[in-house]
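Listed below, chain by chain, are the residues.
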Protein chains: 2
Amino acid sequence: MTFHSDHTPPTPGQLRDRLAKAGLRATRQRLTILECLLQLPGHPTAEQVHRQVVAQVPNLSLGTVYKALDSFVEVGLTRRVASAEGSSRRYDADCSAHHHLICTDTQEIMDFHDSQLDTLLQEFFAQRNMPGFQAHTFSLHITGEKVAG
Amino acid sequence: MTFHSDHTPPTPGQLRDRLAKAGLRATRQRLTILECLLQLPGHPTAEQVHRQVVAQVPNLSLGTVYKALDSFVEVGLTRRVASAEGSSRRYDADCSAHHHLICTDTQEIMDFHDSQLDTLLQEFFAQRNMPGFQAHTFSLHITGEKVAG
DNA sequence: CTACATGCAAAGGATTTGCATATCT
DNA sequence: AGATATGCAAATCCTTTGCATGTAG
């Protein structure tokens, strides 16, 4: 069980590769945007990514961040994440199946990986007969509060 | 296990009661908005609720729908629903804990009630030690396709 | 060289806000 | 009567679009 994806910072070359494999041109802007998205905790909005990004490339525009994130989503490098609160879209660089911890106090959304839980769900739905629906992926939204510990 | 909430249409008096119990004034507008929200399938946007509502109260303004939905959410009569796609907020009159079936073909989001699944999750998290987080509600997002059957 | 990405500014859509008026309790 | 909700319009926020210019492949 882990609360976050691993944050081994990818080298510039690895970032370039990920874009190339996805069929996207590796521009300075996209490299920076992808890098920031990977290192930002939680599920940042375009605005939050932009704030991080301008530290490295000062006149990178917010419009470009929107366009880049859209292309990332289109090729499957990034996901749009469901969020009930707040009115901005949120993005997640982690495309592997995972669950979410949603803190009602801080509005934070944290990734949550738990293979035991995955197995439990797979087994449950293998037996559960759901006429009219063929399930294949599960994502659990766990609402609660962060506590000391 | 049920795919939808029951849609027994509440009487005007029941609607009034629900608002009163929630500590909200029962105005004609709110009664209509709540009624429409309950009878609309899926998870409508404020705009969709408004379209339904003006059929009954022609000059009820969209602003009022927003304000009413906000009050409903504040007192727990209604939920804001997480959605990754689209840029409008969606609302759900069903505040009982429930799960969602997301069809990748039609983009539909259907409510899904399953008390066995609820129990399974409660039991799992009662045993699972999650340092730093106090979980209380679970909502499973089940992605898949509608099939004949 | 050529297709595609960027930056900027303007447009568009969704939501919120302010305030005078109307309504519920 | 007094507190609160409504309607309308303006303001604000978030996101998309158009187009001239720059750059990767």
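Residues numbered from 1 in each chain as written. Chains lettered and ligands numbered in written order. Predicted model: local features only at pLDDT ≥ 70, side-chain atom pairs only at ≥ 80, totals over all residues. Heavy atoms only, no water.

As recorded by an unreviewed UniProt entry, chain A carries the name Fur family transcriptional regulator and is attributed to Hymenobacter canadensis. UniProt's Sequence similarities (unreviewed entry) comment on chain A is quoted here verbatim: "Belongs to the Fur family." (UniProt positions renumbered as here; feature names shortened; annotations may be inferred.)

Moving on: the protein's contact with DNA strand C. In the vicinity of DNA strand C lie 16 residues, with A:Gln29, A:Thr64, A:Lys67, B:Tyr66 and B:Arg89 positioned nearest. Sugar plus phosphate: this is where 73% of the atoms of DNA strand C within 4 Å of the protein reside. Listed by contribution, the elements that provide at least two residues to the surface near DNA strand C are helix H2 (28-39) and helix H4 (62-75) of chain A together with helix H4 (62-75) of chain B. Sorting elements by how many residues they give to the surface near DNA strand C places H4(B) first, with 3 residues. Class assignment of the residues belonging to the surface near DNA strand C gives a composition of 3 nonpolar, 6 polar and 7 charged. (Near = heavy atom within 4 Å. Helix = DSSP H or I, 4+ residues; strand = E, 2+ residues; numbered from the N terminus. Nonpolar A, V, L, I, M, F, W, Y, C, P; charged D, E, K, R; others polar.)

Considering all chains together, one arrives at 5 aromatic pairs over all chains under this definition. Ring centres 6.5 Å apart and planes at 40 degrees place the aromatic pair A:Phe112 and B:Phe125 in the tilted group. One end of the pair, A:Phe112, is in strand E4 (residues 109-112); the other, B:Phe125, is in helix H5 (residues 115-127), on a second chain. Residue classification places B:Phe125 among the buried positions, given a relative accessible area of 10%. With a centroid separation of 4.8 Å and an interplanar angle of 20 degrees, the aromatic rings of B:Phe125 and B:Phe138 are classed as stacked. Taken as a pair, B:Phe125 in helix H5 and B:Phe138 in strand E5 (residues 133-146) lie far apart in primary sequence, 13 residues in all. An aromatic cluster is defined as three or more aromatic residues linked by ring pairs; in this entry it consists of A:Phe112, B:Phe124, B:Phe125 and B:Phe138. (Phe/Tyr/Trp six-rings, centres within 6.5 Å; stacked < 30°, edge-to-face > 60°. Buried < 20%, exposed > 50% of the residue type's maximum accessible area, 1.4 Å probe, protein only.)

For the rest of this paragraph, the subject is the pairing of E4(A). Residues and elements named next belong to chain A. Side chains Ile109 and Asp111 project from E4 onto one buried face, and the interleaved Met110 and Phe112 project onto a second face that is buried too. Examined bridge by bridge, strand E3 (residues 99-103) and E4 share 4 bridges and lie antiparallel to one another. Note that in E4 the partner of histidine 99 across the bridge is phenylalanine 112. In this structure, the hairpin formed by E3 and E4 is closed by a connection of 5 residues, where glutamine 107 is found at a positive phi of approximately 65 degrees. (Pairing = 2+ DSSP bridges.)

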